[in-house]
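So the chains spell out like this:
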Amino acid sequence: MNNSTCKFSLSQEGLFLLEQSRKTRICNFIQIKSIIIDKVTDIETYELEYRRRNTNELNTRIIKSEDIQKNNILSLSKYGVDINDNNKSLVSEYLSTSLQTAPIKITLNGYGWIQYKSQKLFIGDTILSAAPTKESLINNAKKLDLAPHGYIEDWLNLYNEYILGNAYLELAVVFGLSAPILNYLSESYPDLTTILIHISGDSTAGKSTASMLAVSTAGNPNQISSKSLMRKWSGTENSIMAILEDISGVPIAFDELSSFRGDNLTALVYTLTDGVGKARAKIDGSLTEPKNWNTIILSNGEASILTKLNNNTGLKARAFEFNNITWTVSAEQAEIIKEVCCNNYGHILPLFVRNLFTYGTDKIIEVFEEEKQLLIEKFPNSRLKDRIVAKFAVFTTTARLLKETGTLDINLDTVFELLYEQELSAITNREIGVIAYEKLLQYLLANRAKLGYNAYKQIGSLKNDSIFIIREELGAILKELRFEDPAIIIKDWSKRDYLITPEGDRKITRKQENNKTLIGYTIKISEEYKPHFFPSTT
């Protein structure tokens, strides 16, 4: 033992100086209970335990490492530490030398999977691992209320009675529990960024109930809590991003899209699904490292989110919409689900993670690859197929792992069928411009007599491998072909380079015919259709 520490004796009665046969009291009880090392910054702080000078109450406070130095230690007096000019040197010496034997704690920040030395850990309310860690690890993140509340038996009874057998509610649970699976896979598959699931439709369809059910697997779904996993869309873009910072592997829900008051929902959704926040300026003018997240975001609202976004192809492989679905069969069922989830939450996700450790986390990638291959074989072809399949395979992997680990009983076939149906519906919306273009050319072939060659006739004219159609005529034809919004079609065609735009950025074409100005659109004819419109040139 260090010679200087031998001069001291500590008990609940206080700190004493030992000199030969004398024992002199220095101050009230005081000790460094633990040394805390922040894994991210490598900065040390100390957990100081002491009895207050006036009340003798036992207190604990986190202090800076420099606070126990002789020149700074008097600053602890304001917290009730029994320190003064007469004893500061001895107290400083005692605390400094006692660091050699103080236990060490490592603090970890944020949520989700991390690699710590040779071990894979999951940070939730507590830190989960396959085997006990040598060091004492503590979670420094307090942003979310993930502490298990109520009884897991009550949540499981709800699941068995009201959820199991209801295909869409089972899917909602799978969405929530896909957060740790997505986060685990993202390390090996960098393109697996945050996935946004938007539930839209009538106000009585159970959208909020489904969202609450999904996040209750991980933590508090009560919106009245400042640490709830169920948030509102009503914040600013920056405040919404701030909610997600450092959150991985834990689902978050945003309620009622109509309350969003920001300027650019498209940019926000892109950032949310990209999972990288904004760098912020420090006092010295330098920038902080941007915060990250990787999780499942659930959103709901009566309105479709896709209709509010720009026609960005990439977003259609990041944000998925489940529209006009009745999630709950009755108002009574919805109220029961909400009540149970609000009183019994935070049990299932940590149970799932613990079961994954037992099952073998290394098998997650193996199952994912199998599920991805299955979806590749069965899903319809589209431009985004590979990206869609990778995202949806996260959900089918989660469903399979829930069943194989014994966490929850899930109907795997039903989960696949719902995702398959959603993709079929989405393809129609994603490829609406292509479908409209094909149907228009077929319509015009059937009504070729209404088109003039090099001159306007009834609905338009043919010239130079293109078709000019009067604006009003095109709108009427598209509506006849059951395309409700011609403006969406024209916008899509412009992005696909289906239009000839002689006026630059303007999509319309102006022509002079018989002293009349005709306004319409000039549409390119694909190679496949040219021989049918211009047979004499082939």
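Residues numbered from 1 in each chain as written. Predicted model: local features only at pLDDT ≥ 70, side-chain atom pairs only at ≥ 80, totals over all residues. Heavy atoms only, no water.

What follows is about the overall build of the protein. Looking only at helices and strands, the protein features 15 helices and 22 strands. Relative to the 2.2 N^0.38 estimate, which gives 24 Å for 538 residues, the radius of gyration of the protein is 32 Å and therefore markedly larger than a compact globule would have. Overall, the C-alpha framework of the protein stretches about 120 × 55 × 40 Å when taken along its three principal axes. Sorting the 538 residues of the protein into buried and exposed places 51% on the buried side. Long-range contacts, defined as pairs at least 24 residues apart, comprise 66% of the intrachain contacts of the protein with a sequence gap of at least 6. Roughly 25,900 Å² of accessible area belongs to the protein as shown, and the carbon and sulfur atoms make up 47% of that amount. Positive and negative side-chain charges of the protein, numbering 62 and 65 respectively, have mean locations separated by a distance of 5 Å. (Helix = DSSP H or I, 4+ residues; strand = E, 2+ residues; numbered from the N terminus. Rg over C-alpha atoms; globule rule 2.2 N^0.38 Å. Buried < 20%, exposed > 50% of the residue type's maximum accessible area, 1.4 Å probe, protein only. Contact = heavy atoms within 4.5 Å. Areas by Shrake-Rupley, 256 points an atom, 1.4 Å probe, with all protein chains shown as cover. Lys, Arg positive; Asp, Glu negative; His and termini not counted. Charge placed at Lys NZ, Arg CZ, Asp CG, Glu CD.)

Further remarks concern the nonpolar core. Across soluble globular proteins, nonpolar side chains have a tendency to be buried as a group. One finds Trp233, Leu272 and Phe395 to be the most contacted residues of the largest nonpolar core, which totals 99 residues. By residue number, the principal contributor to this core is helix α3 (residues 167-186), which donates 12 residues. Leaving out residues up to four positions away in the same chain, phenylalanine 395 has contacts with Val174, Phe175, Ser178, Ile195, Ile197, Ile296 and Leu419. Ile32, Leu48, Leu99 and Ile123 belong to the second largest nonpolar core, which has 29 residues in total. (Core = buried A, V, L, I, M, F, W, Y, C linked by side-chain atoms within 4.5 Å.)

Moving on, we come to the sheet that holds strand β13 (residues 230-232). Spatial ordering of the open sheet is given by β13-β14-β15-β12-β16, a layout of five strands whose pairing is parallel. In this open sheet, the two edge strands, each paired with only one partner strand, are β13 and β16 (319-323). Shown here is a sheet whose adjacent strand axes are inclined to one another by a mean of 25 degrees, direction ignored. Direction of pairing for strand β12 (residues 195-200) relative to β16: parallel, over a ladder of five bridges. Within the sheet, the bridge partner assigned to histidine 198 lies in β16 and is glutamate 321. (Pairing = 2+ DSSP bridges. Axes fitted to C-alpha atoms, helices over the stretch in contact; angles between N-to-C directions.)

Buried within helix α5 (residues 237-244) we find Glu237, Ile240, Met241, Ile243 and Leu244. The buried residues of α5 occupy an angular sector of 150 degrees when the element is viewed end-on, so they sit on one face. For α5, the secondary structure elements touched by its buried residues are β13, β14 (252-255), α6 (265-274) and β15 (296-301). One or two residues past the end of α5 sits aspartate 246, with phi positive at roughly 70 degrees. (Arc of directions from axis to C-beta.)

Further remarks concern the packing of aromatic side chains. A full pass over the atoms with the stated rule returns 20 aromatic pairs. Between phenylalanine 175 and phenylalanine 395, the aromatic rings sit 4.9 Å apart at their centres with planes inclined by 70 degrees, giving edge-to-face as the arrangement. Linking phenylalanine 175 in helix α3 with phenylalanine 395 in helix α10 (residues 385-404), this pair joins segments that are 220 residues apart in sequence. For phenylalanine 395, a relative accessible area of 0% corresponds to the buried category. Both rings, one in phenylalanine 416 and one in tyrosine 420, keep their centres 5.9 Å apart while their planes meet at 25 degrees; by these two values the pair is stacked. (Phe/Tyr/Trp six-rings, centres within 6.5 Å; stacked < 30°, edge-to-face > 60°.)

Take the side chain of threonine 107 next. When you line up the elements, threonine 107 lands in strand β7 (residues 104-108). If sequence neighbours within four positions are ignored, threonine 107 has contacts with Ile36, Ile37, Asp38, Lys39, Ile138 and Asn140.

A few words now on helix α13 (residues 471-480). Those residues of α13 not exposed but buried are Leu474, Gly475, Ile477 and Leu478. Relative to the axis of α13, the buried residues are bounded by an arc of 165 degrees and lie together on one face. Exposed and oriented more than 90 degrees from the buried face of α13 are Glu472, Lys479 and Glu480. Looking at the residues trailing α13, positive phi occurs at arginine 482, about 75 degrees.

A separate point is the pattern of salt bridges. For the coordinates displayed, the defined rule picks out 19 salt bridges. As a salt-bridge pair, lysine 120 and glutamate 187 come within 2.4 Å of each other at their nearest N and O atoms. Note that lysine 120 is positioned in strand β9 (residues 119-123) and glutamate 187 in the loop between α3 and β12, a separation of 67 residues in sequence. The shortest N-O distance in the salt bridge between aspartate 255 and lysine 232 comes to 3.5 Å. Taken together, the positions of aspartate 255 in strand β14 and lysine 232 in strand β13 put the pair 23 residues apart, joining distant regions of the chain. (Salt bridge = Lys/Arg side-chain N within 4 Å of Asp/Glu carboxyl O.)

This paragraph deals with the confidence of the model for the protein. Averaged over all residues, the pLDDT of the protein is 91; the fraction at 70 or higher stands at 97%. Counted against residues more than four places away or in other chains, residues 1-5, with its pLDDT under 50, gives five contacts. (pLDDT = per-residue confidence, 0-100.)

This part is about unusual backbone geometry. Here the phi dihedral of asparagine 454 falls at roughly 65 degrees; this positive angle occurs in a residue that is not glycine. Inspection of the secondary structure assignment puts asparagine 454 in the loop between β17 (451-453) and β18 (460-463). The exposed category is assigned to asparagine 454, whose relative accessible area is 56%.

Below, the discussion takes up the pairing of β14. Neither face of β14 is left uncovered, since the one carrying Ile252 and Phe254 and the one carrying Ala253 and Asp255 both have all their residues buried. Of the pairings in the sheet, the one linking β13 to β14 comprises three bridges and is parallel in character. When the bridges of β14 are listed, methionine 230 appears paired with alanine 253. Crossover β13 to β14 through α5 is right-handed. (Right-handed = clockwise from strand over helix to strand, strands pointing away.)

The geometry of α13 relative to helix α14 (residues 486-495) is characterised by a closest axis approach of 10 Å and an angle of 105 degrees between their N-to-C directions. Considering their axes alone, α13 and α14 lie roughly perpendicular with respect to each other. In this structure, α13 uses Leu474, Gly475, Leu478 and Lys479 to contact α14, whose residues at the interface are Pro486, Ile489, Ile490 and Trp493. Partitioned by chemical class, the residues of the contact of α13 with α14 number six nonpolar, one polar and one charged. (Parallel < 35°, antiparallel > 145°, perpendicular 65-115°, else oblique. Nonpolar A, V, L, I, M, F, W, Y, C, P; charged D, E, K, R; others polar.)

The antiparallel open sheet is built from three strands, whose spatial order is β8-β9-β10. Two strands bound the open sheet, and with one partner strand each, they are β8 (112-116) and β10 (127-129). Neighbour-to-neighbour, the strand axes of the sheet open up by a mean angle of 35 degrees, direction not taken into account. Where β9 lies against β10, three bridges are found, and the strand directions are antiparallel. By the bridge assignment, isoleucine 123 is partnered in β10 with isoleucine 127. Contacts between helix α8 (residues 348-359) and the sheet are confined to β8, β9 and β10, with β10 contributing the most and set at about 25 degrees to the helix.

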